[in-house]
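Examination of the molecular architecture
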Number of protein chains: 2
Amino acid sequence: MPTKTKSSGSKKRSSQTKSAAKSSRYVYYFGDGKADGAGNMKPLLGGKGANLAEMTRIGLPVPPGFTITTEVCAYFYDHKRTYPTVLKAQVESALAKVEKSVGKKLGDRERPLLVSVRSGARDSMPGMMDTILNLGMNDTVVEIVGQKSGNPKFAWDSYRRFLQMYGDVVMGVQKRAGEDHEPFESVIEHLKDERYGNHQFPDSQLNVDDLQELVQRFKDLIKERTGKSFPQDPRAQLWGAVGAVFGSWNNDRANVYRRKYGIPHEWGTAVNVQTMVFGNMGDSSATGVAFTRDPASGEKVFYGEYLIDAQGEDVVAGVRTPKPIAELAKEMPAAHRDLLKVRALLEKHFKDMQDLEFTVEENRLYILQTRNGKRTGLAAVRIAVEMVDERLISKEDAIKRIPADSLAHLLAPIFDRKSIAAAKKIATGLPAGPGAASGQVVFSAEEAVRRAGRGEKVLLARIETSPEDLRGMIAAEGILTSRGGVSSHAALVARQMGKVCVCGASGIEIDYQKRTLTASGVTLKEGDYLSIDGTAGEVFAGEVTTAPSEIVQVLVDGSLKGDKSATYKQFSKLMSWVDRARRLDVRTNADTPEQVRNAVAFGACGIGLCRTEHMFFEGDRIDAMREMILAEDKPARVKALEKLLPYQRKDFAGIFQALEGLPATIRFLDPPLHEFLPHDHAQQSALAEKLGVEAAQIARRVHELHEFNPMLGHRGCRLGIVYPEISEMQARAVFEAAAEVQKKGKKVRPEIMIPLVGFPRELKLQIDIVHRVAADVAKEKKTKFTYLVGTMIEIPRAALVADEIAKDAEFFSFGTNDLTQTTLGMSRDDSGTFLPAYAELDIVATNPFAAIDQNGVGKLMEIARDLGRKTRPNIKLGICGEHGGEPSSVKFCDKLGLDYVSCSPFRVPIAKLAAAQAALS
Amino acid sequence: MPTKTKSSGSKKRSSQTKSAAKSSRYVYYFGDGKADGAGNMKPLLGGKGANLAEMTRIGLPVPPGFTITTEVCAYFYDHKRTYPTVLKAQVESALAKVEKSVGKKLGDRERPLLVSVRSGARDSMPGMMDTILNLGMNDTVVEIVGQKSGNPKFAWDSYRRFLQMYGDVVMGVQKRAGEDHEPFESVIEHLKDERYGNHQFPDSQLNVDDLQELVQRFKDLIKERTGKSFPQDPRAQLWGAVGAVFGSWNNDRANVYRRKYGIPHEWGTAVNVQTMVFGNMGDSSATGVAFTRDPASGEKVFYGEYLIDAQGEDVVAGVRTPKPIAELAKEMPAAHRDLLKVRALLEKHFKDMQDLEFTVEENRLYILQTRNGKRTGLAAVRIAVEMVDERLISKEDAIKRIPADSLAHLLAPIFDRKSIAAAKKIATGLPAGPGAASGQVVFSAEEAVRRAGRGEKVLLARIETSPEDLRGMIAAEGILTSRGGVSSHAALVARQMGKVCVCGASGIEIDYQKRTLTASGVTLKEGDYLSIDGTAGEVFAGEVTTAPSEIVQVLVDGSLKGDKSATYKQFSKLMSWVDRARRLDVRTNADTPEQVRNAVAFGACGIGLCRTEHMFFEGDRIDAMREMILAEDKPARVKALEKLLPYQRKDFAGIFQALEGLPATIRFLDPPLHEFLPHDHAQQSALAEKLGVEAAQIARRVHELHEFNPMLGHRGCRLGIVYPEISEMQARAVFEAAAEVQKKGKKVRPEIMIPLVGFPRELKLQIDIVHRVAADVAKEKKTKFTYLVGTMIEIPRAALVADEIAKDAEFFSFGTNDLTQTTLGMSRDDSGTFLPAYAELDIVATNPFAAIDQNGVGKLMEIARDLGRKTRPNIKLGICGEHGGEPSSVKFCDKLGLDYVSCSPFRVPIAKLAAAQAALS
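Here the structure is a predicted model, which is why all the values come from computation and not from measurement. (Residues numbered from 1 in each chain as written. Chains lettered and ligands numbered in written order. Predicted model: local features only at pLDDT ≥ 70, side-chain atom pairs only at ≥ 80, totals over all residues. Heavy atoms only, no water.)

A look at the nonpolar core
- The biggest cluster of nonpolar side chains holds 292 residues, and the ones touching the most others in it are A:Phe656, A:Met861, B:Phe656, B:Phe735 and B:Met861.
- Every residue in contact with A:Met861, bar those within four places of it in the chain, is listed here: A:Phe814, A:Thr816, A:Leu819, A:Ile852, A:Ile879, A:Phe892, A:Cys893, A:Leu896 and A:Leu898. (Core = buried A, V, L, I, M, F, W, Y, C linked by side-chain atoms within 4.5 Å. Buried < 20%, exposed > 50% of the residue type's maximum accessible area, 1.4 Å probe, protein only. Contact = heavy atoms within 4.5 Å.)

A look at the sheet that holds strand β10 (residues 303-308) of chain A
All names here are of chain A.
- The sheet built from five strands is open, its strands ordered β11-β10-β9-β12-β13 with antiparallel pairing. The open sheet has two free edges, formed respectively by β11 (323-324) and β13 (364-372), since each of these has just one partner strand.
- Here six bridges tie strand β9 (residues 286-291) to β10, and the two strands are oriented antiparallel to one another. When the sheet's bridge partners are listed, alanine 286 is paired in β10 with isoleucine 308. (Pairing = 2+ DSSP bridges. Helix = DSSP H or I, 4+ residues; strand = E, 2+ residues; numbered from the N terminus.)

Quick word on the confidence of the model for chain A
Residue and element names in this part refer to chain A.
- In this model, chain A carries a mean pLDDT of 90, and residues with pLDDT of at least 70 account for 97%.
- Across residues 1-22, where pLDDT falls below 50, the model places 30 contacts with residues more than four positions away in sequence or in other chains.
- For this predicted complex, the interface score ipTM comes out at 0.77, alongside a pTM of 0.78. (pLDDT = per-residue confidence, 0-100.)

Remarks on the pairing of strand β25 (residues 538-541) of chain B
Residue and element names in this part refer to chain B.
- Side chains Glu538 and Phe540 of β25 all project onto a buried face; the interleaved residues Val539 and Ala541 project onto the opposite face, where all are buried too.
- Inspection of the sheet shows strand β15 (residues 424-428) paired to β25 by four bridges, in the antiparallel sense. Among the inter-strand pairings, threonine 428 is bridged to a residue of β25, identified as glutamate 538.
- Sheet topology places strand β24 (residues 529-533) next to β25; four bridges connect them, and they run antiparallel. Paired with isoleucine 532 across the strands is valine 539, a residue of β25.
- Here β24 hands over to β25 after four residues, with glycine 537 in that stretch at a positive phi of 80°.

Focus: the relation of the copies chain A and chain B
- The two copies are related by a screw operation: chain A maps onto chain B through 180° of rotation and 0.2 Å of translation along the axis, at an RMSD of 0.2 Å. What the superposition gives is, in effect, a two-fold axis relating one chain to the other. For chain A, the residue whose C-alpha comes nearest the rotation axis is A:Asn709, separated from it by 2.1 Å. (Least-squares fit on C-alpha atoms with pLDDT ≥ 70 in both.)

Written out as C-alpha cells, the structure reads:
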C-alpha cells in the first residue's frame, strides 16, 4: 500500500511516461504478493493492470500475470501497428516469471499454462474492447488438460470457446451482411440440430464427442473464412491476441463510448496477460461478480451474482440467469466467507465501493479483478454520505467522489403517486437504474435512434442488451430487459449513464420478429406506451404521469417533509458540506418570481441572468411591445413604452421581493425586434385590426426588420443605442420597482447588464442612461439605490478590448452561448447538420454548446479576465451562459477565478457540487 | 527654417504636450520675423498656428499675432468650458507684444487695433469651424477708424460685418425654424427695400448712413433675440470669440467632417488671434487665395483668384465671382511680383504645393495663411512626380505624399469618346474635380441623400455649396455649381474627396423653387439625367456612357499607347518607384482568367483568393451542382461531382495559364449549399422537370437546408468534412489542370486554401485529401507538383488556436470579412440598420467592413501571427478580405509583418502604393 495515498493518476502521467520511456520498461509483472506496478499507475497500466498490481500487493488471491503498458498502445498506433523492439524480450521474461510461479508453461506437454488476454484502459470501458480467454489451448494441450483435470469435456469446451473467441476477435470471422447469426453460433446450432434434432439443445449438455466435432468444424470455418489456419503455436496465439486487444481500442463501439464519456483517444489501453483460473471445472467451481454495496440504490449490502460451473463471460453475457450472491453462502460456505473477508479488505483499502470479479476453482477463491464500482447518482450520494458517517472517508472525499451531474438523478421526476396507483403493473425486474420513464416501446437500437431523432420519447426493450445497442440506449428514456442481472450489460450502462432501467424482468416475453412485448396477458406493439420505475423495478403498460423528485417536493412544493425522505436527508447533508467547500458562488437564470423562489430554495446566491424580454410575451404586453416596434417615430415609441413600464415594474418588484436581498443581474432587451412580430399573414391581419393600422404596414415592418443572420444583427445593446428610450424605460422600471420594495424595508441589489457590447462606447452610452434614470428616480422617490452596471462578454471583440470596457463596467458576465457561436463561427441552431459528423471524426471532443470549448472560447475568457482586472482589479466576474450548469465548465470557471456561475434553478445543486469539487482539486 | 526638417507632427505631440503642460505655456507669439512656435508644432499650435509661426520665421510678410494651443481646447472640454487660470495673463502678455509691434491698442482711442480670431486644427477642416473678423470694433472705435483711414464707409462696413459675425457665431443669432433667411441678411434686405426699393441692391453700394443704420438695427436684433447687449468692451469681445471658436470644434458640421476623415475628437483646435489687415480699403486693396500649382490638374502654373476692395470671406463665400490671379499682374503689378516671389519662397521652403491666402492693403502684400494645398488624385500624382523631376523632393517623399486612395481617381472611368461627341454640351465651368459623372440631377443635399439611399446615382447641382451641403455632396456622384471659383467650398470639397466637380458654370441657371436647371435653352427637372466632365469642366444634358480610364486603356485594353497618355506616364513612373519601395506583395482576388489577366496587367503578384464556387453558377454547371446537392447518397453525389470536374479543371487551367507562373491561392467551396438552389416555387418546378425529380423533393431539400444564421452554418470546410467527395473533386480539378498546364512547359504554383477552419483537425482531414489526390494525379499524369496547403483565418477560434493549426497549414490567409463579422458579432448584410447610428454616436470611427478594426479584429490577427510563427517560423501570411485594398488596412498588414495583401484587380495599384508608404514610414 505504499503508493495509494500519493495517487493522482492523471497528474503523474507525464513523469511516469518519461521515466518509463527512458528505462523502456513496457511490461509489469504481478504475482505471489509482489507487483512491479501499483494502484496509482492507472495512466500507464490502465485501471485493470494497476488494480491487479495493487490487489496483489495487498494480499488478495490474484492469479499471476503481467501488464503491457498503455505506452505500447500509443507506440502501436504511431508506428503502423508495430511494437517497440524491446517488447518481445520483456514479455518473455515476465512470462517466464508467471510460468515459474504457477509451475506451468505455455504449450507445455506436461503442465500447460492457459492465460487470458484482456484490455484495460485508464478508465473502465465495460464491454467495449476485446478479451481472449483460454489462450494456450491447441490440439495437443487440450488432450493434456483433459487428462490432468480428469474432465475432458471441460478441456474440449475450453478449446472450442477459445477457438470461437480467437476466430472472431483475432482472425475476424464475423457475421456477414445477410447472415442472421454469428457464424460460430450457426455451426453450433447446426450440430445440435443434426445430432439432437433441436437447435436450442443446451450447450452444457453437449458431450466430448460433440465438442471435438465442434472444434474441428470451427477450425474448418476459420480456414474457409480467412484462408488461414488457426495457429497451434501458443506464442503466435499470444501475439495475435495482444494485437487484437490493442486494435480493439479503435473499434466503433469504443469510439462511440469514448466520445460520450469524453475519454481522450490518446490515452490508449493496456493489455493484461494473466493465468487462467476456471470456474467451470464442475460443481465445486463457480464464477461471479459482486459489489461491496448496492450500485443502484447505494444500500450497504453485499450485492452480486454467480454461476456454478461457468466461466466469467457466462455471467456478463446474460445467457444463464445467475443466482444472487447470498445463495453462495449455502452452496459454497467457505468461498462465501472468504469473499466477505475480501469485501471488507477491499472497502478498507480502497475506501470506495468496489466492483469485483471472482472465480472459485475447485472450492478455492480467486479474485480476478476489482475496481471502483459504477453506480447510479442515487447510489453515489448515498454511498459517499454513508461512508463519511462510517468515518471511512472525509467530507472532502465524499464531495470529490460524486459526479456532479449525477445529482440530476436525485432531482429527476419520479412517477406521480396517484397516477402510478392507477396504472397496470405487468411485470417486475431488478431496479437497475432508479427514476421514472415513460415512452413508446421499441425493440431495436436503430428504431430507438430513429424515433428519438424525430423528437419522440422511447423506451428500449430488449431480451438482453449488448454493446451494439449502445446508440439506442443513449437515445432511449429508459431501458428494459427480460434477461440478465445486476452485472448485465444493460444494468452496467444504466448505472453509468444514469438511465432509468429495469433488467431481468423475466415475466416479460419479447418477440423481435413480431415486435411485441407480452406480460401479464397484455401485449404491446412497437410504438405503444410503456412506463418503467427503475427505483422499484416495476413495469407498467401505458403512460404514467410524473411528479417532482422527493427533493423538489421537500424544498419547493413543501408537499413532503424533509425528515420523511432519506434521499433528501443525504442530499441536504451533502449540500451543507458543499457550501462550506466551494469558493464560487452559484446564481440562477430566472425570469419570474416563481423561478426565483425555486432557485433560492435550491440554494442560489442570487440571479445571474434575468432576461427581461421574456416578460414581454405574456398577455397584453405583447400588444404594447408590438405597438412600440411598429411606431413610426420616437414619440409614438415612447407612448407604447409607457404602457410596458407598469408591467416591467411589477415583474421586477416581484423578483426583488422573492430574492430577499440577494443580488439580481438584470439584462436589458436582447433579441431582435422581429422576434416579437407575427410572421404569417393571418396573424398580421389580426394584429392590424387590434392596433387599428393597415395589415400592409405590419407586413412592411416585418419585411424591413427581416435579417439574414439575426444572431449577428440588430439586437442586444444595439437596440438601446438606436432606441435609447427602450433602455430608459427598462432602467426606470428597475429603479421604480427597487424603490417600491425598499419602501417595504427590504434590501434590493440590482445589477444592470448591457448585452452584446463590443465597443467600449456602446456601454458608456447605455450606462449614462442608467445612471441618469437612477438619479431621477432616487430624487422622485426620495430614496437611494445600491446598484452595479456591467456588461455581458459575449462577442470576441468585447473580450479583446475588455480593458477599455472595464473602465465603465463594474462587472463582466460571460455570455458563453453567444460567445461560443461567434468564436466558433457556428450557429447553435444550424450546427445539427454537421456537429454529429464532427463528433464522429473526433474534430470536437464534446459539444461546445454543452461544455465550454476551453481551448477557444476559454482563451478569450482568460484574455477578458486579465484585461478586465488590469483596469479594475476588483471587477466582479461571472458566467450566465448555459455552460454555467455543466460541471466541467463550472470547474473551468473556478480555475479562471470567476466570482460566480449562473444556471437554471434545477441545476444549482449540480453547479454547487462542481464548484466545491473545483475548490478541493 | 531650423525646425522644419526635423518635423513629424504626430510623433512629437506627446513630448510637446508634456513639456508645455509642465511650463504651462498656452500662448505662442509671432511677429516681426520672430516666433515662439515653429512649423513642426502642428499638434500643439494647429496647422494654421504652426504655419503662421513658420511663415514669420522664413520672412514672409505675416501680420503679427498669437496662437492659443490645442491643449487649451482639451482643457476647455474637460473642464466644463473653462480655461486654465494662467491663460488670461499669457494672452494679455502676447497681446501687449502685438500692440507694441503694430503700434496700436485694442479699444484705443488713438490707434485702435482690430484682430481676427480663427480656429486652426492639426489637420485643416475648411469651413467647418467659426471665424471672427474685425474684432475690437465698437461704437467709439468705428469713428476713429473712419477718421484715421479717411474711409468712414469702410469703417462702418467693417463694424456691421463684425456685428453680423459676432451676433451669429458668438451670441447665437441664427435662422429659426420657419424663417427663410438668415436674420441679419433679412435686416439688410429690408433696409435695401426700404431705401432703394430693391432688396438685391449691391452691398458695396450702401453708403455710410445706410451702414450706420444697419449697425443700429443689428445691435437691436442681437438684444431682441438674445436678451443681451452686444459687448462694447473689446476684451469681452475677445474672450467671447475665443470661446465660440473652441466651441465650434464640437458643432455638427465639424463632427460629420471629422468622422469622414477619421480625425480624432481629442486633437482639438487651436485659436489664432492676429492683427487684421484690410483688402477692402478701396481700389488699392485686394484679397485673394492662390495655389502654387493647379490643385485640380496638378499643372505647374500659379493658380488662384482675388477680389479688389474685399475681405477674405468674400472670396470663399462665392458671392462675388473673383478674378483669375493672372489679372492681378495688370491691376497691381507690384503686389503680383511680390506674390510670385512668395510663391517661389514657399515651394522652396515647404517643398509641396501651397494654398495661400493674401491681402493687399493699400498696395502692400500680406500673407495671411499658407498650407499644403488639397488636391485631386490626378493632381497629387502629377505634382509629386514632377517635383521629383524638379529635384525638389525625393522619390520616397513622392510616394509618401500621395494618398493611396487617390489613385482610384486615375483609374476611374472617363466619358466614352463617341458618346461624349454625340452628347449635348450645355455649359462649361471650372474643372474642379476631374473624372466623369452621370446621374439624376437633384438640387438639395437632403434629396441627394434620400435618392442615394435608394441606390440611385445622383448629381448635386447648387448655385453654390456650403458646409450644410456636406452630406449631400458625399452622397452624390458629382457636384455642379453655377457660382464660385477654385477656392469655393464646392471646389475644396471635391478636391478633398476626389469627387467629380464642375464649379462656377455661370451659364447655368438653377431655380431651387421650381427645381429646375436651365442652360443653353435646355431645362432639366429634378430627376432628369445630367453628366459632367470634371477634367474638361463641361456639362452635358442626358446620360453619357463611360469608358475605362486612360491607364486601363493602356494596360488592359491596349486601345491607347502608353506614350500617348501623360497620366499613364506619371502613373507608371510612380508605380516603378512604389515597386522598389514596398515590402508587402500585392495579390489579387480573381475568379476567372479574364480577371487574372487584368490584375497581372495592374501588377498583381499572384492570386490571393480564387473563389471556386463562382465557377458553379455559370450555364449548365449550376444544374450539375444542384444535382449534387439534391443527391440522396454519396454515390449519387459523386456522379454529379464527376460532371462538375471537367468544368473546374478547365477554369483552373485557364487561370494557371494567365498567371504565367505566379502563385494562385484557390479556396475550396465555401457558401452554404442552399445558395445554389432556387427558392421560389416556379423555379423549383422548372428545376424538377429538368432533373426528372419531384418538385416536392426539391422543396423538401430547400427546407432541410434552410438555416437561421447561414453565416454561421453549414459552409466552408464543414461542407468538405461532411461531404469529403466535394473536396476530392476540387483537389482533382486543381491538380489535373496543373498537370495539363505544366505539360505545356509553364510553371504552376497552386496554394490550396481550406476555408472556415476553427478546429485543427478540420484542416488535417481536408489536407489529407489534398495530399492523397495530389499524389494520385501525379502518378496518373507522371508529373510532380509544387504546391502549398493552408487555411483561412476567418473565425476567432482559428486565431486563438493558430499554433495548433500551423502544424498542418503552410500558410494563413486572413479572411477579414468573416473575421470582422464573427469578432464583432455583426452581420455585414444586417448592420445597415444600426451602423449609421454608430458612426453618428462616435461608437465606431470607421466602418469596420471597410477598414480593419485594428483594436478588435487586429488583435486577433496579431495573436494568430504570433501563434502561427511559434509553430512554423516561416509560415506564409496574407490577407484576402476586402480590407486588402484599403490603405489604412494595408499599412496595418505591413506592420503586422504579413507577406502579402490581396484585393480586387483595380485596387492593386492602390494597395501597392499603401504598401510602399508603409515600408517607408
